[in-house]
Each structure stands twice: as structure tokens, then as C-alpha cells.
Amino acid sequence: MNDSATDLRKHRTVIRPRTGWIPVRWHELWHYRGLLWAFTSRDIKVRYKQTLLGFSWAALQPIMSMVVFTVIFGKLAGFDSLTGDVPYQLVVMAGILPWSFFQGALGRAGNSLVANQSIVTKVYFPRLWIPLSSLGSGMVDFLIALFVLFLLMMYYGFYPSVSSLLIPVVMLGIACLSVGIGMIFSAIIVKVRDFGMVLSYITTFWMYLTPVMYPAEVVSEKWRWLLDFNPMYGYINCFRSILLEQPMNWISLFYSVGFSILFLVVGLFYFTRVEKNFADVV
Amino acid sequence: MSMIKVEGVSKKYQLGHIVSSKNLTNPFKRGLQRLTGRSMQEEVAEEFWALRNVSFDIQQGEVVGIIGKNGAGKSTLLKILSRITDPSTGRIELNGRVSSLLEVGTGFNPELTGRENIYLNGAILGMSRKEIQSKFDEIVAFAEVEKFLDTPVKRYSSGMYVRLAFAVAAHLEPEILIVDEVLAVGDATFQKKCMGKMQEVGKQGRTVLFVSHNMGTISRLCNRAILLNQGGVVADGPVHHVIKSYLQEGTGTGAWARWDDSATAPGDDVARLLSVRVCSEDGITSERVDIHKPVGIEVEYEVLKSGHVLQPNCHFFNSEGVYAFISIDNKSEHCDLPKELGRYKSTAWIPGNLLAEGTMLVGVALTTFEPQCVHFYEQDVVAFEVVDNASGDSARGDYHGDLPGVVRPQLVWETSVSQGKRP
């Protein structure tokens with residue numbers, strides 16, 4: 001009897017009103033780690049259900065964007081002269097891949113609480129897993145597209161080098177950035193849906209400000225330092241340099257990593273502070 | 001030991017509420033209104049206390065029913081206990097792992113197969129993958145969906161869907177289980193199975209908190225009940241005692257309901273309800289009725305617009321929510337002729353030796369059938385209790401045990417023997 005009593009005390013929970021900043025409950029997050037896989041596999045499986053092409057869409061989408069951007073920016077705007085011996089197609093594709101991962105992860109993380117509101121209002125679990133789980137399904141798309149990019153590179157005579165092993169590091173940085181911003185937005189969108197629209201405009205606008213479909217050389221030397229303050233610039237630049245063996249811009253990467261950490265920390269704290277109200281305001 | 005200890009818990013909600021023109025508090029909108037001359041609206045927050053100072057203590061192994069009318073605060077209480085939302089004040093101590101089942105199939109994804117949903121739902125409810133794996137076969141067998149495990153659940157019948165969802169939740173093994181009205185779904189056989197499972201959970205020494213509108217289920221499952229009204233605890237004790245006070249509270253005066261102000265009384269511009277009363281043969285209002293004696297339901301209403309054929313009708317439910325029967329006034333004199341202005345009183349007489357023992361809830365309506373129009377329908381407007389004093393001359397005879405059923409008529413029995421010897 002004493003055994004069971006101590007056993008029960010081990011699981012004691014005290015519920016009381018919480019105010020102010022609340023620490024992230026890491027042990028609880030770890031206890032519910034199964035949710036990461038549960039939510040991720042759900043999103044991946046549901047993604048291309050009842051489509052004829054299935055996962056081929058993950059390869060087709062970046063290819064189609066690449067064709068469009070190459071025609072408009074490469075040929076019509078004449079930017080293809082700026083990329084040297086590297087074909088414009090490769091430069092664009094190496095920009096689209098990390099960018100669509102970022103945009104997808106940010107969009108999904110931002111809208112994740114609303115998308116999962118039926119669970120949020122009915123059962124308790126660490127809410128953080130909801131935005132955190134929104135990274136996985138985009139990662140699958142990214143890997144498929146990366147494979148296509150490798151094929152395309154080889155077609156143009158570029159062979160992936162050992163430095164490709166740094167891709168996971170870049171992707172981790174992008175993941176932290178997107179989920180950090182995504183957490184902040186999700187906690188706001190859950191209450192005020194307008195910010196869902198705002199988020200989609202911000203990402204569209206942001207894409208034009210980032211050298212995704214054009215090379216960074218388009219921006220004149222005088223103003224290029226401004227790009228360092230774009231948290232995505234360092235990652236996209238780094239990604240291109242790794243794959244296409246161009247010189248690295250370490251300063252911009254340094255800034256990007258800083259922004260990632262900043263947004264991740266702010267996101268975590270803000271999310272944890274307001275999560276207790278989600279079920280009431282959603 | 002105490003498993004759930006609730007001390008002075010209250011919950012406040014902010015309700016949005018639109019005011020217009022003169023009562024604007026937003027100075028910007030007020031200015032804009034003055035400038036444009038157009039009347040404006042704004043939303044004003046209003047406080048609403050869903051729970052007020054609720055305290056109780058639940059011991060290990062207790063199965064407790066939470067009852068109360070819609071809006072009494074039952075769901076809010078469950079949401080706080082299952083940590084979905086924070087209380088505004090107070091403190092709760094839970095000693096043990098808690099699982100809450102506030103909805104059947106939380107997180108089910110229609111696109112995923114039965115198998116995939118078992119894992120997903122299990123993870124959301126807090127089970128580890130290993131735990132789900134070890135119970136997988138048991139869950140599938142309980143839900144009776146073996147053949148459809150690899151079919152997306154959107155192709156399931158609603159019965160299959162509910163069975164699978166309940167099965168996953170029923171195989172959780174928490175020390176404290178919080179359940180909200182999930183048994184209201186599924187067919188009768190499955191409901192029975194669920195009830196069995198719930199009783200089993202209680203017998204294993206685990207603590208169960210159960211919300212339902214079905215008094216039959218509550219009284220069968222629980223040994224204790226807590227009655228909430230307007231956010232506060234109004235009764236807490238042995239289940240039958242609490243159910244009785246709920247039924248009396250739910251029906252206002254019990255055997256007699258009346259509306260003094262005809263403007264707020266149920267009804268429309270044709271007719272309004274004045275009063276409903278349960279009475280005995282000698283016209284005395286009575287809450288308790290002898291099973292042998294007839295009982296009358298007297299409906300008084302006022303006709304405000306002449307020229308309509310108005311037929312009162314009564315709807316009878318037992319305490320388990322079973323629809324016992326309906327009776328329509330289509331036999332009395334002139335009942336099929338249009339009614340003139342005035343006050344009318346109609347009484348439906350239920351003969352003695354028809355209803356079973358227990359509580360009967362009565363709904364009263366006034367209907368025009370051609371073309372069909374319901375002028376008012378008041379549910380659970382009065383209630384009465386049928387009592388058998390077991391004198392031996394009722395349908396019960398000399399048997400003193402449990403006699404289920406909605407009706408208990410005295411039937412004529414004939415017995416003949418075709419083979420064998422008479423004693």
C-alpha cells in the first residue's frame with residue numbers, strides 16, 4: 001500500500017492559475033516525444049493522399065518554379081549573365097529548395113494551432129509539439145527535391161562534393177528560424193486570425209527581398225550589406241556555396257545563425273507564456 | 001488516499017458582446033461616430049464566471065458522476081481537471097496519472113487508416129508507442145474492426161468509427177480517468193460493452209470522474225455524484241440522493257410549473273402556456289403517485305388568436321432519458337375545431353398500473369397539425385415519481401427485487417397444461 005501511495009505521489013500534479021513567464025517544461029516535452037513522430041507521420045501520410053502523382057509533386061513543384069524563374073529572371077531580365085559559368089537553372093533551384101522549406105515550415109508552424117484546434121481544446125499535451133512537428137513533412141519534400149537537384153547538377157557537369165555534408169547544418173539553422181518565427185505567429189494567429197493573412201504576405205514579400213530566384217550579384221555592392229540583416233540570406237547563400245562550390249560568405253551566415261537563435265528563444269518563451277490560454281481563445 | 005483535491009476553483013471567461021451608438025467606450029470610434037454621423041458598433045468584454053468557488057475531494061477508487069443542466073459548468077470543470085485550460089483562482093491537486101476523454105476520437109484523421117489512427121490517437125492521449133503496440137490486438141478486438149484496419153476511417157460507418165475511438169481510450173491505464181458523455185454514441189450493444197469497461201475500470205481501484213446527462217447511466221456507474229448549478233456545487237453525496245435533487249431542480253417546482261408573466265411564457269402569438277401540473281384523481285397537486293392510481297397532467301394555456309385548431313400533447317421520459325410515449329389530445333370534445341380566445345385547461349389521464357416505478361419527466365407541447373405548427377414545446381416541464389408501496393396487489397406482486405422497464409402494466413396471464421399431470 002505504501003508502495004502504491006509513493007508511486008501515485010510521483011505523478012502528483014498541482015493545477016493553479018499561472019501568470020508571468022513560465023519555464024519550458026523540458027522533461028514533459030521529452031515524456032511526450034512520441035507526439036513528434038505521430039504528428040509528423042500524420043502530416044506526411046495525409047499530404048499527398050488521393051493525388052495521382054503522390055510524392056512526385058515534391059519534385060515537380062521546384063522544377064516548375066525553376067522553369068518559370070529561369071525564363072522570367074534569367075532570360076527576360078537577363079540576370080543569367082551574372083552567374084558566371086554556373087547555369088542560371090542551378091542557381092535558382094539551389095535557392096528555391098531551402099526557401100520553400102523555410103516558407104512551408106513557417107506557414108505550417110504559424111497555422112498549426114488553428115489546424116489542430118480540435119485536439120487543443122480536447123486533450124492535454126505539451127502544446128509545443130504542434131509547431132515543432134510542422135517541420136517534418138516539409139523535410140521530406142526537401143529531400144526529394146534535393147535528389148532532383150543532384151540529378152540536375154550532374155546533368156550540367158557539377159558533382160556534389162564532400163561539403164554537401166554541411167547541408168544538414170544549414171537545414172537545422174533554417175528549421176530553427178522558421179519554427180521560432182512560426183511559434184510566435186501561431187500563438188498570435190490562434191487568437192487573431194488576421195495574422196494568418198499577414199504571415200502569408202510577409203513570406204511572399206520576404207521572398208522577393210531574398211536572392212532566391214535571382215543571384216545576390218543583382219543587388220549593387222553599395223547596398224549588399226543590407227542583405228546580411230535578412231536572416232534567410234546567409235542560409236541560401238551558404239547552401240548555394242556548398243553545392244556549387246562558390247566562396248562562402250561567412251559574415252552573412254554568422255548573422256543568420258544569430259537570428260535563428262534569437263527567434264527560437266523568443267518564440268519558445270512567448271509560446272510557453274501564452275499557451276495556457278489557447279483552448280479558451282482558439 | 002485523496003486522488004483529486006479541488007479547493008476553491010473558479011473560472012472566468014471574457015465574453016464579447018456588441019453595443020452600439022451611445023454606449024461606445026472606444027474614444028476613437030466615438031470620435032468617428034461624431035464625425036461621420038453614422039452610428040457605430042463595438043464589442044465590449046463582459047465577465048462570465050463559469051465556475052465559482054468549487055471544492056471537493058475524491059478518494060481513490062471512487063466513481064463520481066458530475067451532473068447539472070447545460071451551462072452549469074460541467075465541461076469547464078472537466079477542462080480544468082484535464083489541464084486543457086487554467087483555473088482563474090483556486091488550486092487542484094491530482095495524485096496520479098490523468099487521462100481525459102472529453103470527446104470520442106480526438107485527433108482522428110479521416111484520411112488515415114484504422115491502424116494509423118490507433119497509433120496517432122494513442123500518442124495524443126499520452127501512450128507510448130510500446131504501450132500501444134502491446135495493447136494493439138486488444139484494442140482491435142474490442143472495437144471489432146479487424147477487417148477494416150487498413151481502410152481510411154473516412155470510409156468507416158459512424159458506429160465503427162466510435163467503436164475504434166472508444167477502444168483506444170478505454171485501454172489507457174491511468175489512475176484517474178475523466179470521461180465526458182462519450183457513451184451517448186454507438187448502438188445499444190456497444191454502449192453496454194463500454195459501460196462494462198467503465199465499471200471494470202472502477203473496480204480496479206482507479207478513480208473515475210464521469211459527466212453525463214443520462215441519469216440511468218450515472219446511477220448505474222457511480223456511487224457518488226456532484227451536482228453543479230450556475231458554476232457552483234449545490235449537492236454532493238450518494239448518487240440517488242443527488243440525482244433526485246437534480247430532477248427536482250431541473251423541473252422547477254417539480255409537480256407544478258407556471259408562468260406568471262405571459263410575455264415570457266413559452267408560446268407564440270397564437271397561444272401561450274400558463275401552467276402545467278401533475279395531479280391525482282381528486283385534483284391535488286402531487287409529486288409522488290401511487291402506482292395503482294391514475295395520474296393527470298393538467299395543461300393550462302391561453303389562446304391569443306382565434307381560428308386555430310390546437311391540440312395539446314404530452315411527452316413522457318423516464319430518468320434514463322428513454323422516450324416512454326406521447327399522448328395527443330385527439331379524443332376530447334371539439335378538440336378538432338378551431339379555438340376561440342380564452343383560457344383552456346386540458347388534462348391527460350394516465351391510468352393506474354401502467355407506468356413503472358421511478359421518475360417520469362414530462363414535456364408539454366401545443367400543436368396545430370394542419371398545417372403543422374408547434375406553438376410551444378417545453379421539455380422536462382414537470383416531473384413525478386411513481387411509487388409502489390409493495391402491498392402485493394401491483395404488477396410487482398410479492399417480488400421485491402429490481403424490475404427494469406418503462407411500463408409495468410398488469411397483464412392477464414393464462415396458463416394451460418397439455419402434457420404432464422396437474423399437481
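This text follows the structure it describes.
So, here is what we can say about the structure in this document. (Residues numbered from 1 in each chain as written. Chains lettered and ligands numbered in written order. Predicted model: local features only at pLDDT ≥ 70, side-chain atom pairs only at ≥ 80, totals over all residues. Heavy atoms only, no water.)

### Comments concerning the overall build of chain B
Worth spelling out the cut-off: Helix numbering and strand numbering both begin at the N terminus, where a helix is a DSSP run of H or I of at least 4 residues and a strand a DSSP run of E of at least 2. Think of it in three bands: residues with accessible area under 20% of the maximum for their type are buried, residues over 50% are exposed, and the middle band is partly exposed, with areas taken using a 1.4 Å probe on protein chains only. Contact between two residues is taken to exist if any of their heavy atoms lie within 4.5 Å; hydrogens are not considered. All accessibility values rest on the Shrake-Rupley procedure with a 1.4 Å probe; residue burial counts only the protein chains present in the view.
Scanning chain B from terminus to terminus reveals eight helices and 20 strands. The buried share of chain B, taken over its 423 residues, is 48%. Considering only residue pairs separated by 6 or more positions, chain B has 69% of its internal contacts joining residues 24 or more positions apart. Carbon and sulfur atoms make up 50% of the accessible area of chain B, which amounts to about 21,200 Å² in all.

### Remarks on the side chain of Asp 329 of chain B
All names here are of chain B. We count it as follows: In summary, the charge assignment counts Lys and Arg as positive and Asp and Glu as negative, without counting His or the chain termini. We define a salt bridge as a contact between a side-chain nitrogen of Lys or Arg and a carboxyl oxygen of Asp or Glu at a distance within 4 Å.
Structurally, Asp 329 can be placed in the loop between strand 17 (323-328) and strand 18 (342-350). For the buried Asp 329, no salt bridge is present, and the opposite-charge side chain at shortest range is Lys 339, 5.5 Å distant. Those residues in contact with Asp 329 that sit more than four places away from it in its chain are Gln 311, Pro 312, Cys 335 and Ser 346.

### Focus: the packing of helix 5 (residues 88-115) of chain A against helix 8 (residues 136-155) of chain A
All names here are of chain A. The following threshold applies: The axes used here are C-alpha line fits, helices contributing only the stretch in contact, and every angle between their N-to-C directions lies in the interval 0 to 180 degrees. Orientation labels follow simple angle bins: below 35 degrees gives roughly parallel, above 145 gives roughly antiparallel, 65 to 115 gives roughly perpendicular, and whatever is left gives oblique. Residue classes follow a fixed rule: Ala, Val, Leu, Ile, Met, Phe, Trp, Tyr, Cys and Pro count as nonpolar, while Asp, Glu, Lys and Arg count as charged, and any other residue, Gly among them, counts as polar.
Interhelical geometry of helix 5 versus helix 8 gives an angle of 175° and a closest axis separation of 10 Å. With respect to their mutual orientation, helix 5 and helix 8 come out roughly antiparallel. Taken together, the residues of helix 8 that come into contact with helix 5 (itself represented by Leu 90, Met 93, Ala 94, Leu 97, Pro 98, Phe 101 and Arg 108) are Ser 137, Gly 138, Met 139, Phe 142, Ala 145, Leu 146, Val 148, Leu 149, Leu 152 and Met 153. Residue composition of the contact of helix 5 with helix 8, grouped by class: 14 nonpolar, two polar and one charged.

### Here's the deal with the interface of chain A and chain B
How large an interface is tends to be reported as the accessible area lost when its parts come together. Under the convention used in this document: The term buried area denotes the loss of accessible surface (1.4 Å probe radius) that occurs when two parts are joined, taken as the sum for both partners. Two N or O atoms count as a polar contact when they lie within 3.5 Å, although within protein this holds only if one can serve as hydrogen donor and the other as acceptor, and sequence-adjacent residues are included solely when both atoms are side-chain atoms.
If you look at the interface, chain A gives 36 residues, while chain B gives 42 residues. Approximately 3,400 Å² of surface area, both sides summed, lies buried where chain A meets chain B, with 57% of it carried by carbon and sulfur atoms. At the junction of chain A and chain B, the tally comes to six salt bridges. One salt bridge connects Arg 18 of chain A with Asp 86 of chain B, and the closest N-O pair in it is separated by 2.9 Å. Where chain A touches chain B, the interface holds 11 residue pairs in polar contact (both at pLDDT 80 or more). Sorting elements by how many residues they give to the side of chain A that touches chain B places helix 3 (residues 34-47) of chain A first, with eight residues. Classifying every residue of the side of chain A that touches chain B by side-chain character gives 17 nonpolar, six polar and 13 charged.

### Side note on the sheet that holds strand 16 (residues 311-318) of chain B
All names here are of chain B. Rules: Being paired, for any two strands, means DSSP has found at least two bridges between them.
The mixed open sheet is built from five strands, whose spatial order is 14-20-19-16-17. Two strands lie at the open edges of the sheet, namely strand 14 (288-290) and strand 17, each paired on one side alone. Averaged over all neighbouring strand pairs, the angle between strand axes comes to 30°, with direction disregarded. Bridge count between strand 16 and strand 19 (residues 358-369): eight bridges; the pairing is antiparallel. By the bridge assignment, Asn 313 is partnered in strand 19 with Ala 365.

### Quick word on the packing of aromatic side chains
Put simply, the rule is: Only centres within 6.5 Å qualify two rings of Phe, Tyr or Trp (six-membered ring in Trp) as a pair; their planes then separate them into stacked at under 30 degrees, edge-to-face at over 60, and tilted for everything else.
Overall, the coordinates contain 22 aromatic pairs over all chains when judged by the stated rule. Seen from their ring centres, Phe 229 of chain A and Tyr 255 of chain A are 5.3 Å apart, and the 55° between their planes marks the pair as tilted. Of this pair, Phe 229 of chain A sits in the loop between helix 11 (221-224) and helix 12 (231-244) while Tyr 255 of chain A sits in helix 13 (residues 250-274), and the two are 26 residues apart along the sequence. We classify Phe 229 of chain A as partly exposed; its relative accessible area is 43%. Since its relative accessible area comes to 32%, Tyr 255 of chain A is described here as partly exposed. Taking the centre distance of 4.5 Å and the plane angle of 20° together, the rings of Phe 316 of chain B and Phe 325 of chain B count as stacked. On the basis of relative accessible area, Phe 325 of chain B is assigned to the partly exposed category, the value being 23%.

### Describing the packing of helix 3 (residues 114-124) of chain B against helix 4 (residues 129-143) of chain B
Residues and elements named next belong to chain B. Spelled out, the test is: Should the near helix be turned anticlockwise from the far one by less than a right angle, the crossing is left-handed, and should it be turned clockwise, the crossing is right-handed.
Between helix 3 and helix 4, the least distance of the axes is 10 Å, while the angle of their chain directions is 130°. Considered as vectors, helix 3 and helix 4 are oriented oblique to each other. Crossing angle aside, the handedness with which helix 3 passes helix 4 is right-handed. On helix 4, the residues touching Arg 115, Ile 118, Tyr 119, Gly 122 and Ala 123 of helix 3 are Arg 129, Ile 132, Gln 133, Phe 136, Ile 139 and Val 140. Split by residue class, the contact of helix 3 with helix 4 holds seven nonpolar, two polar and two charged.

Geometry only, nothing functional implied.
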